[in-house]
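Summary of structural features
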Amino acid sequence: MRHSKPTADEIQALIDGQMHLEGPLLPILHALQEAYDHVPEAALGMIAETLNLTKAEVHGVMSFYHDFRKAPAGRHVVKICRAEACQSMGANALSDAVLEKLGIGWGGTTPDGSVTVEAVYCLGLCACAPAAMVDDQLIARADAARLEKALEGAA
């Protein structure tokens, strides 16, 4: 994963590398995300032109899928479930506490680049709600202390 600003030639090479696929838009977005930890804004127009789509259509697809980012994520990504089962077990209060402590909003990254917090809509732990994930570690019956401990362990 690179965090440097990609050149137009680098972006176009990633786009061109997916053009042999049927329905290449999602593979292109995935390739960019993998290469840069986000989909650079400059790529949207290039994708649109290459695929004969509007920039709005490309943006619509990108914004529909929550895993595509407009900016690189922090070193650690916290995902908190916002689905009904988790909400009924305190996910909203958990989210409020975590976001307030970190001083960021949903999708935001702390100023030091250490943590990004994202909303998800099911982690498959409905019976053990509320659910969260720190990097790749699932946390059932999540609370602020368990999330903080997971982040300390991930550092």
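First, a word on scope: everything that follows refers to the structure included in this document. (Residues numbered from 1 in each chain as written. Predicted model: local features only at pLDDT ≥ 70, side-chain atom pairs only at ≥ 80, totals over all residues. Heavy atoms only, no water.)

Things to note about the nonpolar core
L29, L32, V39 and I47 are the most contacted members of the largest nonpolar core, which totals 17 residues. Mapped by element, the contributors of at least two residues to this core are α1 (8-16), α2 (25-36), α3 (41-51) and α4 (55-64). Within the second largest apolar cluster, 15 residues are counted, among which are L94, V98, A142 and L151. (Core = buried A, V, L, I, M, F, W, Y, C linked by side-chain atoms within 4.5 Å. Buried < 20%, exposed > 50% of the residue type's maximum accessible area, 1.4 Å probe, protein only. Helix = DSSP H or I, 4+ residues; strand = E, 2+ residues; numbered from the N terminus.)

A short note on the sheet that holds strand β3 (residues 132-134)
Judged by pairing direction, the sheet is mixed, and its four strands sit side by side in the order β2-β1-β3-β4 without closing on themselves. Of all strands in the sheet, those with a lone pairing partner are β2 (115-120) and β4 (137-139), marking the two edges. Here the average twist between neighbouring strands, direction ignored, is 20°. Inspection of the sheet shows strand β1 (residues 76-81) paired to β3 by three bridges, in the antiparallel sense. The residue bridging V78 from the neighbouring strand is V134, located in β3. (Pairing = 2+ DSSP bridges. Axes fitted to C-alpha atoms, helices over the stretch in contact; angles between N-to-C directions.)

Details of the pattern of salt bridges
Opposite charge on two side chains makes pairing possible when the charged atoms of those side chains draw close. On inspection of all chains with the given rule, the structure shows five salt bridges. The salt bridge partner of D37 is R69, with a shortest N-O separation of 3.5 Å. Here D37, found in the loop between α2 and α3, pairs with R69, found in the loop between α4 and β1; they are 32 residues apart in sequence, far enough to count as distant. There is no split in this pair, since D37 and R69 are both buried. One salt-bridge network, held together by shared partners, links D37, R69 and E118. (Salt bridge = Lys/Arg side-chain N within 4 Å of Asp/Glu carboxyl O.)

Description of the environment of E152
Relative to the helices and strands, E152 is located in helix α7 (residues 144-154). A residue is classified by how much of its surface remains accessible, and E152, at 55% relative accessible area, is exposed. Through-space distance from the C-alpha of E152 to that of T50 is 44 Å; in sequence the pair is 102 residues apart.

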